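# A look at the structure
Okay, here's what each chain looks like letter by letter:
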Amino acid sequence: MKQLKAILLSLVIGVAIGMWFGVNIGRDEPFYSNPFDTSSLNQKLKKATGETLEKGGHALEKTGQSLQDKLK
C-alpha cells in the first residue's frame, strides 16, 4: 500500500511539473516562468512590432551601405 501511494504521488507531481513546463514552452516563455501570468495583448504587440522595426532598420542600413559602396 505504501508503494502504491508513493507511485501515485510521484505521478501527480510529475504531471504537474510537466504541465508547468509544457505551458511555458507553448507560450515561448522561459521554463521557470509563471504559467498563470498572462501577458496582455499590448505587451505582445509591442514586442512583435519592436522586433519588426529592428529587422527593418537593419535591412535599411544594409541597403544604404550597398548603395554607398556602388557610388565609390
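Residues numbered from 1 in each chain as written. Predicted model: local features only at pLDDT ≥ 70, side-chain atom pairs only at ≥ 80, totals over all residues. Heavy atoms only, no water.

## Digging into the overall build of the chain
Condition: The helix and strand labels rest on DSSP assignments: H or I over at least four residues marks a helix, E over at least two residues marks a strand, and numbering proceeds from the N terminus. Throughout, the radius of gyration refers to the C-alpha atoms, and the reference size of a globule is 2.2 Å times the residue count to the power 0.38. In this scheme, a residue with accessible area under 20% of its type's maximum is buried, one over 50% is exposed, and one in between is partly exposed, where area comes from a 1.4 Å probe on protein chains only. Every accessible area reported is derived by Shrake-Rupley at a probe size of 1.4 Å, with residue values counting cover from the shown protein chains alone. Note that His is not counted, nor are the chain ends; the positive residues are Lys and Arg, and the negative ones are Asp and Glu. To locate a charge, the coordinates of NZ of Lys, CZ of Arg, CG of Asp or CD of Glu are taken.
Assigned secondary structure in the chain consists of two helices and zero strands. Relative to the globule expectation of 11 Å for 72 residues, the C-alpha radius of gyration of the chain, 24 Å, shows a markedly less compact shape. Residue burial in the chain is summarised as follows: out of 72 residues, 4% are buried. Within the structure as shown, the chain displays about 6900 Å² of accessible surface, and the carbon and sulfur contribution to it stands at 66%. Separation of charge centres in the chain, based on 10 positive and 7 negative side chains, amounts to 8 Å.

## Brief notes about helix α1 (residues 2–26)
Put simply, the rule is: The length a helix should cover is 1.5 Å for every residue beyond the first.
With 25 residues, α1 extends 36 Å between its outermost C-alpha atoms, agreeing within 8% with the 36 Å of an ideal straight helix rising 1.5 Å per residue. Just downstream of α1, D28 is the residue with a positive phi angle, here 55°.

## A word on the environment of E29
Structurally, the position occupied by E29 is in the loop between α1 and α2 (41–71). E29 gets classed as partly exposed once you look at its relative accessible area, which sits at 35%. As for E29 and T49, which are separated by 20 residues in sequence, their C-alpha atoms are 18 Å apart.

## Digging into the environment of E51
The residue E51 is located in helix α2 in this model. Using a relative accessible area of 41% as the deciding quantity, one classes E51 as partly exposed. Taking the C-alpha atoms as reference, E51 lies 48 Å from A6; in sequence the two are 45 residues apart.

## A closer look at the environment of L45
Structurally, L45 is set in helix α2. L45 gets classed as exposed once you look at its relative accessible area, which sits at 53%. Considering only alpha carbons, one finds L45 and T63, 18 residues apart in sequence, at a separation of 27 Å.

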